[in-house]
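Listed here are the chains, written in short residue letters.
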Amino acid sequence: MGADDKYSVLLPTYNEKDNLPIIVWLLVKAFTDSGYDFEIIVIDDGSPDGTLDVAKQLQTIYGDKKIVLRPREKKLGLGTAYIHGIKHATGNYVVIMDADLSHHPKFIHQFIEKQKEKDYDLVSGTRYSGNGGVYGWDLKRKVISRGANYVTQVLLRPGASDLTGSFRLYKKKVLEKLVQSCKSKGYVFQMEMVIRARQLGFTIGEVPISFVDRVYGESKLGGNEIYQFAKGLLYLFATT
Amino acid sequence: MTKLVEWLGGAGLFAGVWAYLFISTPVGNSSDFARHFVLFLPFYVLLAFAVISVSIIAWRVYTFNDCEEAAKELKQEIADAKADLIKKGFKLD
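Bear in mind that the values here come from a model prediction, so they are computed numbers and not experimental data.

K.L.:
Would you mind going over the packing of aromatic side chains with me for this structure?
P.N.:
Working definition: an aromatic ring pair is given by the centre-to-centre distance plus the angle between the planes. All names here are of chain B. Here the structure, examined in full by the defined rule, presents 14 aromatic pairs over all chains. Pairing Trp-59 with Tyr-62 gives two aromatic rings, centres 6.0 Å apart and planes at 40 degrees, and the pair type is tilted. With Trp-59 and Tyr-62 both in helix α3 (residues 41–62) and three residues apart, the pair spans about one turn of that helix. Judged by its relative accessible area of 68%, Tyr-62 is exposed.

K.L.:
What is the right way to look at the pairing of strand β4 (residues 93–96) of chain A in this model?
P.N.:
For a regular strand, side chains alternate in direction, first toward one face of the sheet and then toward the other. Residue and element names in this part refer to chain A. Because side chains alternate across β4, one face comprises the buried residues Tyr-93 and Val-95, and the other comprises Val-94 and Ile-96, equally buried. Looking at chain direction, strand β1 (residues 6–13) and β4 are connected through four bridges and run parallel. Within the sheet, the bridge partner assigned to Ser-8 lies in β4 and is Val-94. One ladder, built from four bridges, connects β4 with strand β7 (residues 168–171); its direction is antiparallel.

K.L.:
Would you mind showing me how to read the side chain of Asp44(A) here?
P.N.:
Residue and element names in this part refer to chain A. In this fold, Asp-44 is placed in strand β2 (residues 37–44). Here Asp-44 occupies a buried position and makes no salt bridge, while the nearest side chain of opposite charge, Lys-56, is found at 8.9 Å. A distance of 2.8 Å separates polar atoms of two side chains, one belonging to Asp-44 and the other to Thr-13. When residues no more than four places from it in sequence are discounted, the contact partners of Asp-44 are Thr-13, Tyr-14, Thr-51, Leu-52, Arg-70, Pro-71 and Arg-72.

K.L.:
Sorry if this is basic, but what is going on with the environment of Val68(A) here?
P.N.:
Residues and elements named next belong to chain A. In this fold, Val-68 is placed in strand β3 (residues 67–69). For the pair Val-68 and Gly-132, spaced 64 residues apart in the sequence, the C-alpha separation amounts to 31 Å. Discounting chain neighbours no more than four positions away, the residues touching Val-68 are Glu-39, Ile-40, Ile-41, Val-42 and Gln-59.

K.L.:
What should I look at first to understand the UniProt feature "transmembrane region" (unreviewed entry) in chain B in this one?
P.N.:
All names here are of chain B. Look at the UniProt record and you will see "transmembrane region" (unreviewed entry) annotated at residues 7–25 and 37–62. Its end C-alpha atoms 27 Å apart, residues 7–25 is made of 95% helix and 0% strand. Secondary structure within residues 37–62 divides into 96% helix and 0% strand; the distance between the first and last C-alpha atoms comes to 35 Å.

Reading the values: the criteria
Residues numbered from 1 in each chain as written. Chains lettered and ligands numbered in written order. Predicted model: local features only at pLDDT ≥ 70, side-chain atom pairs only at ≥ 80, totals over all residues. Heavy atoms only, no water. Phe/Tyr/Trp six-rings, centres within 6.5 Å; stacked < 30°, edge-to-face > 60°. Helix = DSSP H or I, 4+ residues; strand = E, 2+ residues; numbered from the N terminus. Buried < 20%, exposed > 50% of the residue type's maximum accessible area, 1.4 Å probe, protein only. Pairing = 2+ DSSP bridges. Lys, Arg positive; Asp, Glu negative; His and termini not counted. Salt bridge = Lys/Arg side-chain N within 4 Å of Asp/Glu carboxyl O. Polar contact = N/O pair within 3.5 Å; in protein donor to acceptor, adjacent residues only side chain to side chain. Contact = heavy atoms within 4.5 Å. UniProt positions renumbered as here; feature names shortened; annotations may be inferred.

Structural data, given as structure tokens:
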């Protein structure tokens with residue numbers, strides 16, 4: 001069983017022409033160092049900045065068995081990107097992560113080892129427990145983050161410390177099942193995945209990760225995002 | 001049972017206990033404090049919860065790990081990655 005394990009990394013991208021080569025390089029290095037079999041599935045949503053061309057170049061360098069391209073015409077959202085990516089995944093495990101370098105591939109082998117400990121159905125990277133943490137957040141952002149997480153913990157008691165995180169390892173069948181049953185968008189989508197996983201009796205392991213936010217200055221956590229989050233939280237509170 | 005239903009159930013239970021306490025505290029001068037306390041019990045509970053919550057959040061913000069090392073490492077790795085990719089024939093912008 002161990003020798004046949006393969007890990008498909010799903011990388012949804014939108015305007016990541018600068019980060020994509022780096023994240024791919026880091027992924028290849030991490031997997032080569034740890035010895036696990038892998039593939040990287042790039043799901044580009046018609047990025048106007050030429051991300052797909054960059055992906056094609058990387059494919060020439062690393063081969064099309066390691067770099068799989070499954071682009072889409074336009075920005076269609078994360079849930080469908082996962083569904084689209086899984087369809088072409090040849091691994092029995094799937095890693096989901098951000099392509100903007102906030103998630104570091106070096107944690108993946110820790111996810112894998114954690115998963116093997118108790119055959120967890122999913123392993124979630126957490127910024128909030130153990131020696132997990134964040135770089136690049138000011139006080140206001142930290143307060144909002146911890147505050148929102150606290151409210152979520154009190155209302156939903158999810159059994160996972162970081163619900164909005166998107167750096168996770170899933171058994172492929174588990175991810176397939178969960179993505180079908182989740183309807184939310186954005187942060188709430190990731191929350192709903194964990195809540196539904198618990199509902200369906202899936203087991204969840206955690207690994208502390210460091211989250212390096214290099215875009216905080218540019219992408220603000222605005223009132224609208226907070227409103228959407230609150231709406232989503234109430235939806236989950238009332239329906240799960 | 002959804003969380004909402006759980007909370008409504010809990011609230012109902014609390015309301016029941018509170019009504020019972022209220023009815024069973026004797027009226028009269030010597031028990032004005034007791035009656036006052038029971039009357040405002042929900043308020044005191046909420047206040048305590050608010051104070052505890054703010055404390056917990058403040059503590060968690062204070063102890064939130066700042067990953068300075070990770071950021072430094074990443075910077076270095078970006079440079080290494082670019083150099084290696086160029087060697088492999090990648091055309092950097």
